[in-house]
Amino acid sequence: MTKSELIDRIADKQSQLSYRDVELSVKALTDYMARALETGNRIEIRGFGSFSLHYRAPRVGRNPKTGESVSLAAKYVPHFKPGKELRERVNSSFGQVPIQPQSPSQPE
Amino acid sequence: MALTKADMAEKLFEEFGINKREAKELVEQFFEEIRTALVSGQQVKLSGFGNFDLRDKRARPGRNPKTGEEIPIEARRVVTFHAGQKLKARVETYGGEQPTQEQPAGSGSSAAQTQHPLSDDTE
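Asker: I'm lost on the overall build of chain A in this one. Help?
Answerer: On a plain count of helices and strands, chain A comes out with three helices and five strands. Along its sequence from the N terminus, chain A presents helices and strands in the succession α-α-β-β-β-β-β-α. Relative to a compact globule of 108 residues, whose C-alpha radius of gyration would be 13 Å, chain A shows 19 Å and is clearly more extended. Here the C-alpha coordinates of chain A stretch approximately 60 × 35 × 30 Å along the principal axes. Residues classed as buried in chain A amount to 38% of the 108 residues present. Long-range pairs, those at least 24 residues apart, make up 29% of the contacts in chain A with a sequence separation of at least 6. As displayed, chain A offers around 6500 Å² of accessible surface, 48% of which is attributable to carbon and sulfur atoms. Averaged over its 17 positive side-chain charges, chain A has a centre that lies 8 Å from the centre of its 12 negative ones.

Asker: Even after reading the chapter, I still don't get the interface of chain A and chain B, so can you show me in this structure?
Answerer: Much of the literature gives interface size as the accessible area that the parts lose upon coming together. Tallying the contact residues gives 64 residues for chain A and 66 residues for chain B. For the pair chain A and chain B, the summed buried area comes to about 6200 Å², and 62% of that belongs to carbon and sulfur atoms. Per-residue buried area on chain A facing chain B is highest for A:Met1, A:Tyr32 and A:Tyr76; these three make up 12% of the total on that side. If you look at where chain A meets chain B, you find five salt bridges. Residues B:Arg35 and A:Glu85 are paired through a salt bridge, measuring 3.7 Å at the closest nitrogen-oxygen approach. Linking chain A to chain B there are 22 residue pairs in polar contact (both at pLDDT 80 or more).

Asker: Help me understand a positive patch on the surface, please; the structure alone is not making it clear to me.
Answerer: Together, A:Arg56, A:Arg59, A:Lys75 and B:Lys88 make up a positively charged patch on the protein surface. Tracing the backbone through its elements, the reader meets A:Arg56 in strand E2 (residues 49-56). Among the residues examined, A:Arg56 registers a relative accessible area of 41% and is labelled partly exposed.

Asker: Quick question: what am I supposed to make of the packing of aromatic side chains here?
Answerer: Aromatic rings considered in pairs are described by the distance between their centres and by the relative angle of their planes. Taken as a whole, this structure holds 13 aromatic pairs over all chains when the rule is applied. Their ring planes at 85° and their centres at 5.3 Å tell us that A:Phe51 and B:Phe81 sit as a pair that is edge-to-face. Here the residue A:Phe51 occupies a position in strand E2, and B:Phe81 occupies one in strand E5 (residues 76-83), the pair thus bridging two chains. Centroid distance A:Tyr55 to A:Tyr76: 5.5 Å. Interplanar angle 55°. Geometry classified as tilted. On the criterion of sequence distance, the pair formed by A:Tyr55 in strand E2 and A:Tyr76 in strand E5 (residues 75-82) is long-range, its members being 21 residues apart. Joined through ring pairs, the aromatic side chains of A:Phe48, A:Phe51, A:Phe80, B:Phe30, B:Phe31, B:Phe49, B:Phe52 and B:Phe81 make up one cluster. When the ring centre of A:Tyr32 is taken as origin, the NZ or CZ atom of B:Lys11, which lies over that ring, is 5.5 Å away. The ring of B:Phe13 is capped by B:Lys20, whose NZ or CZ atom sits 4.6 Å from the centre of that ring.

Asker: What is the right way to look at the pattern of salt bridges in this model?
Answerer: It is possible for side chains of opposite charge to pair when their charged atoms get near one another. One pass over the structure, following the stated rule, counts 18 salt bridges over all chains. A:Glu88 is paired through a salt bridge with A:Lys84; the nearest N and O atoms lie 3.4 Å apart. With A:Glu88 and A:Lys84 both in helix H3 (residues 84-92) and four residues apart, this pair spans about one turn of that helix. Relative accessible area serves as the criterion here: at 46%, A:Glu88 is assigned to the partly exposed category. Linking B:Lys5 and B:Glu28 is a salt bridge whose minimum nitrogen-to-oxygen distance equals 2.7 Å. Of this pair, B:Lys5 sits in helix H1 (residues 5-16) while B:Glu28 is found in helix H2 (residues 20-39), placing the two residues 23 residues apart along the sequence. Given the relative accessible area of 35%, B:Glu28 is considered partly exposed.

Asker: Before we go on, may I ask you to explain the side chain of B:Glu22 in this structure?
Answerer: Its location among the elements puts B:Glu22 in helix H2. Here B:Glu22 sits buried without a salt bridge, and the closest side chain of opposite charge, B:Arg21, lies 4.1 Å off (N-O distance). Dropping the residues within four chain positions of it, B:Glu22 is found in contact with A:Gln16 and A:Leu17.

Asker: Would you take a moment to explain the nonpolar core for this structure?
Answerer: One broad trend across soluble globular proteins is that nonpolar side chains are buried collectively. In terms of nonpolar packing, the biggest core is built from 48 residues, with A:Phe51, B:Phe30, B:Ile34 and B:Phe52 touching the most fellow members. Residues contacting B:Phe52, with those up to four places away along its chain left out, are A:Phe48, A:Phe51, A:Phe80, B:Ile34, B:Leu38, B:Gln43, B:Val44, B:Leu46, B:Val79, B:Thr80 and B:Phe81.

Definitions and cut-offs
Residues numbered from 1 in each chain as written. Chains lettered and ligands numbered in written order. Predicted model: local features only at pLDDT ≥ 70, side-chain atom pairs only at ≥ 80, totals over all residues. Heavy atoms only, no water. Helix = DSSP H or I, 4+ residues; strand = E, 2+ residues; numbered from the N terminus. Rg over C-alpha atoms; globule rule 2.2 N^0.38 Å. Buried < 20%, exposed > 50% of the residue type's maximum accessible area, 1.4 Å probe, protein only. Contact = heavy atoms within 4.5 Å. Areas by Shrake-Rupley, 256 points an atom, 1.4 Å probe, with all protein chains shown as cover. Lys, Arg positive; Asp, Glu negative; His and termini not counted. Charge placed at Lys NZ, Arg CZ, Asp CG, Glu CD. Buried area = accessible area lost by both parts, 1.4 Å probe. Salt bridge = Lys/Arg side-chain N within 4 Å of Asp/Glu carboxyl O. Polar contact = N/O pair within 3.5 Å; in protein donor to acceptor, adjacent residues only side chain to side chain. Patch = residues over 30% accessible without salt bridge, like charges linked within 9 Å, V, L, I, M, F, W, Y side chains within 5 Å. Phe/Tyr/Trp six-rings, centres within 6.5 Å; stacked < 30°, edge-to-face > 60°. Lys NZ or Arg CZ within 6 Å of the ring centre and 35° of its normal. Core = buried A, V, L, I, M, F, W, Y, C linked by side-chain atoms within 4.5 Å.

Read these as layout, nothing more, since geometry by itself doesn't imply function.
This is the structure we're talking about:
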């Protein structure tokens, strides 16, 4: 399911809001989440999970092509911990529904 | 402060004037549709944010780290999140765990480098 499919699914079930409202809102929601992490805040959604930043210490990496060493600065990476309800519901689908083959994708 | 569903609904109200009850419902729907997709075996891809993928894990012998007791871990399905390039780039340079004061100091000439507060002490 992509973001535009998510917008379609929500809009189909909406009696109050127009498609345009749903579209703007869903795009805004992912942006609020990105902005929270960007400013060093956690995201806590009960029943879904929490997002936080994990620290990665500076290290010396290597260019795999040339073998040259490059120093890499410390950084933060996003981390997601699924909440109890999500964990349980997903696990209960194990053995019931197959994981659908995904289009080979690099997250955008 | 952590971002919550209530905060997200409030922002929708402020930014688009969507009434609070509807905004709250929409935020709820947003997460519920993602859960539903995952429960039905579908990967979820949110451009600009990241992908939620599913993985089936085989059973393996586990151990209670406190008691050392062996407990088998059952086969299970888990959700994994992979941040997209755009989100990774946005958070990468985040400068500190706490909102710290600007430190004009800076070792050497490259002042643009962000540093973790814990690694900030001088030897």
